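Observations on the model geometry
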Amino acid sequence: MQSEPVKARGMVVVMSGPSGAGKGTLSRALLRAFPRMRFSVSATTRPPRPHEEPGRDYIFLSEDAFHRMQGEDAFLEWAEVYGNLYGTPRSEVDRLLEEGYDVLLDIDTNGAMQVRSRCPQAVLVFVVAPSMEELKRRLRGRGTESTASLKRRLAEARLHMALIGHYDYVVVNDGLDEAFQRLSAIITAERCRVSRQDPESLMRLSR
């Protein structure tokens, strides 16, 4: 009796970039374009907002539950942001990878460096605006940033961009269509790596 082919394990794709660079929009476009890609839902200790659905937008935890998971080394990465804790549950990522799905994480540079240390094969992509002036224009265009908030976000952007050298790819978002094409090419190329293929499938190619 012929055995069933083994599914190739999925890959972890990390997207980082300053607020206003467009990584959220590009992430959603990737998920629509690649059916075998899933978004990693983060856990957080902050309360849900009115439009948010537990399990879809975030996994909402008490601080005690979050700290318990930390003690069990249950997060692929975690961080404290403005007094709230955020983390990527390792078990859900592993489950999706084993089922052959690629897992997309939209996290900051601190989280990305944690993922790199725990998952060396992860693909790290940094999304950036074509200039700081353009980033400032996009942030102002939101109409939600005060002068102080805008200064803080631009300062944070410079700090994050100092870590670009630790990423595998940088995508300059000078237009959503062009940036999406670059991202798609990265995902397609990474999926073609020999190291990511199912060995049994490769063996069948030579028969």
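Note: the structure precedes this text.
Let me sum up the structure you'll find in this document. In this text the structure is predicted, and so the values were computed from the model without any measurement.

Before going further, it helps to examine the overall build of the chain. On a plain count of helices and strands, the chain comes out with eight helices and nine strands. A compact globule built from 207 residues should have a C-alpha radius of gyration of about 17 Å, and the chain, at 19 Å, falls within 12% of that. Counting every position in the chain, which comprises 207 residues, the buried fraction comes to 41%. Considering only intrachain contacts with a sequence separation of at least 6, the fraction spanning at least 24 residues in the chain is 67%. As presented, the chain carries roughly 11900 Å² of accessible surface, and 53% of it is formed by carbon and sulfur atoms. Averaging the coordinates of the 30 positive side-chain charges in the chain and doing the same for the 28 negative ones gives two points 4 Å apart.

The strands making up a sheet are joined through hydrogen bonds of the backbone, oriented either antiparallel or parallel. Sheet architecture is open: four strands sit in the order E4-E3-E6-E5, paired in mixed fashion. Only two strands of the sheet have a single neighbouring strand rather than two, namely strand E4 (59–60) and strand E5 (75–81).

For the pair helix H5 (residues 132–142) and helix H6 (residues 147–161), interaxial distance at closest approach is 11 Å and the crossing angle is 140 degrees. It follows that H5 is oblique to H6 by the angle criterion. For the element pair H5 and H6, the recorded crossing hand is right-handed. Between H5 and H6, the residues in contact are Met-132, Leu-135, Lys-136, Leu-139 and Arg-140 and Leu-150, Arg-153, Leu-154, Ala-157, Arg-158 and Met-161, respectively. Across the contact of H5 with H6, the residue classes break down as seven nonpolar, no polar and four charged.

Cut-offs and rules
Residues numbered from 1 in each chain as written. Predicted model: local features only at pLDDT ≥ 70, side-chain atom pairs only at ≥ 80, totals over all residues. Heavy atoms only, no water. Helix = DSSP H or I, 4+ residues; strand = E, 2+ residues; numbered from the N terminus. Rg over C-alpha atoms; globule rule 2.2 N^0.38 Å. Buried < 20%, exposed > 50% of the residue type's maximum accessible area, 1.4 Å probe, protein only. Contact = heavy atoms within 4.5 Å. Areas by Shrake-Rupley, 256 points an atom, 1.4 Å probe, with all protein chains shown as cover. Lys, Arg positive; Asp, Glu negative; His and termini not counted. Charge placed at Lys NZ, Arg CZ, Asp CG, Glu CD. Pairing = 2+ DSSP bridges. Axes fitted to C-alpha atoms, helices over the stretch in contact; angles between N-to-C directions. Parallel < 35°, antiparallel > 145°, perpendicular 65-115°, else oblique. Left-handed = near helix turned anticlockwise from the far one by under 90°. Nonpolar A, V, L, I, M, F, W, Y, C, P; charged D, E, K, R; others polar.

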